[in-house]
Amino acid sequence: MNNFVLTGLVVIFSIVWSSAFIAGAIALTDFDPFTLLTIRFLLSALLMLPICLSCGGFRLSTHGDRIAIRRGLLLGVLNNALYLGLSFAALQTVRPQVVIVIVSCAPLATSLLSAWWGVEPLSPMKLLGAALGLVGVVVISGVASGMQVDVWGVLMAIGGMLAFASGTVFFRGQGAGLPVLQANFWQSIAGAIALLPMAMVFGQPLAVPSTATMIAMTHLVLVVTIGGMSLWLVLIRISGASTASSYHLLNPFFGVLLAYLILGEPLRMADFIGAALIVIGLLLTTQASGRVRQS
């Protein structure tokens, strides 16, 4: 794929993924995390259902079809139920900046898991690029202020990050033959089913959502879950698990920028310094992957 097109897809993906933090913060004023995620994935699955039916996404005639569905469901447990469920739960006791930094460790975890499972080779330049990008994330988030954090909340965020990294490597290694939209559909089904009991046990009573919450939910369903997740699976196939995971290092910067544009939060010099470090880290990671493909 043309580098210019790939860069455009990466930027679009990062903006869409980052916007989930803004929309999620708005929607959480009327919903608890588990109820919000359950409704989000259920609505996403219902909207993707007609397309999957028209494309034959529910065939069970062959062993390969059944394997594809099982892989999609497992991907949903990792990406939707565990990653988002644990991350949103961690936000109840841990500052968002800390959760963002922990989740942004995914490129390092993905590189290590890819090498361990034999999916992709591990190179020093990949690790250097991911580590440099992580430093940029820390600079942007301001997490180095030394404030105390809740241990259980941190452990939940770490568990969510490891689940997301595992899902990335799993799709790269086992989901090559699975259509992207079909994989996204089964992901949403698995996420809704897995999180429904949590919503029923720990959720809050449903109330009539505000207009802002309804707009935020619409954005989460259409733009983030259907559009953003589908684009994410495409990027894994194009770039590989490790490189695609490194694209998430851009998310804190775009999150800060969107918070400035939408919520009116101020921009700091640290935001631009961190963004520069992230760009350098991404360039190192991308160049390392390009050398591996040429060799």
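Under an unreviewed UniProt entry, the name given to the protein is Drug/metabolite transporter, and the organism recorded is Vreelandella titanicae BH1. The UniProt entry for the protein carries this comment under Subcellular location (unreviewed entry): "Membrane". UniProt, in its Sequence similarities (unreviewed entry) section for the protein, records the words "Belongs to the EamA transporter family."

Draft legend 1. Main features of helix 9 (residues 211-239). Remark: the principal bend of helix 9, roughly 30°, maps to Val224. Directly beyond the C-terminal end of helix 9, a positive phi value near 95° is found at Gly240.

Draft legend 2. Molecular detail of the packing of aromatic side chains. Summed over all chains, the structure comprises eight aromatic pairs. On the numbers, 4.5 Å between centres and 35° between planes, the contact of Tyr83 with Phe164 is tilted. Of this pair, Tyr83 sits in helix 3 (residues 63-90) while Phe164 sits in helix 7 (residues 151-174), placing them 81 residues apart in sequence. Each member of the pair Tyr83 and Phe164 is classed as buried. Each ring, one from Phe164 and one from Trp232, has its centre 5.5 Å from the other, and the planes form 20°; the classification is stacked. Note that Phe164 is positioned in helix 7 and Trp232 in helix 9, a separation of 68 residues in sequence. Here Phe164 and Trp232 have matching classes, each one buried. Members of the aromatic cluster, connected to one another through ring pairs, are Phe13, Trp17, Tyr83, Phe164 and Trp232.

Draft legend 3. Structural context of the packing of helix 8 (residues 180-202) against helix 9. Relative orientation of the contacting elements helix 8 and helix 9 amounts to 125°, with a least axis distance of 9 Å. As the angle between them shows, helix 8 and helix 9 are arranged oblique. Of the two possible hands of crossing, helix 8 and helix 9 adopt the one that is right-handed. Each of Val180, Leu181, Ala183, Asn184, Gln187 and Ser188 in helix 8 lies in contact with helix 9, whose residues at this interface are Thr225, Ile226, Met229, Ser230, Leu233, Val234 and Arg237. Of the residues contributing to the contact of helix 8 with helix 9, the split by class is seven nonpolar, five polar and one charged.

Draft legend 4. Up close: the packing of helix 1 (residues 3-27) against helix 9. Contact geometry of helix 1 with helix 9 gives a least axis separation of 8 Å together with a crossing angle of 150°. Between helix 1 and helix 9 lies a crossing whose hand is left-handed. Along the lines of polarity and charge, the residues of the contact of helix 1 with helix 9 split into 21 nonpolar, six polar and no charged.

Draft legend 5. Seen up close, the environment of Leu9. By the secondary structure assignment, Leu9 is in helix 1. According to the relative accessible area criterion, Leu9 is partly exposed, its value standing at 23%. Spatially, the C-alpha atom of Leu9 lies 8.2 Å from that of Leu235, the residues being 226 residues apart in sequence.

Cut-off values and rules
- Residues numbered from 1 in each chain as written.
- Predicted model: local features only at pLDDT ≥ 70, side-chain atom pairs only at ≥ 80, totals over all residues.
- Heavy atoms only, no water.
- UniProt positions renumbered as here; feature names shortened; annotations may be inferred.
- Bend = angle between axes of the 7 residues up to and from the residue.
- Helix = DSSP H or I, 4+ residues; strand = E, 2+ residues; numbered from the N terminus.
- Phe/Tyr/Trp six-rings, centres within 6.5 Å; stacked < 30°, edge-to-face > 60°.
- Buried < 20%, exposed > 50% of the residue type's maximum accessible area, 1.4 Å probe, protein only.
- Axes fitted to C-alpha atoms, helices over the stretch in contact; angles between N-to-C directions.
- Parallel < 35°, antiparallel > 145°, perpendicular 65-115°, else oblique.
- Left-handed = near helix turned anticlockwise from the far one by under 90°.
- Contact = heavy atoms within 4.5 Å.
- Nonpolar A, V, L, I, M, F, W, Y, C, P; charged D, E, K, R; others polar.

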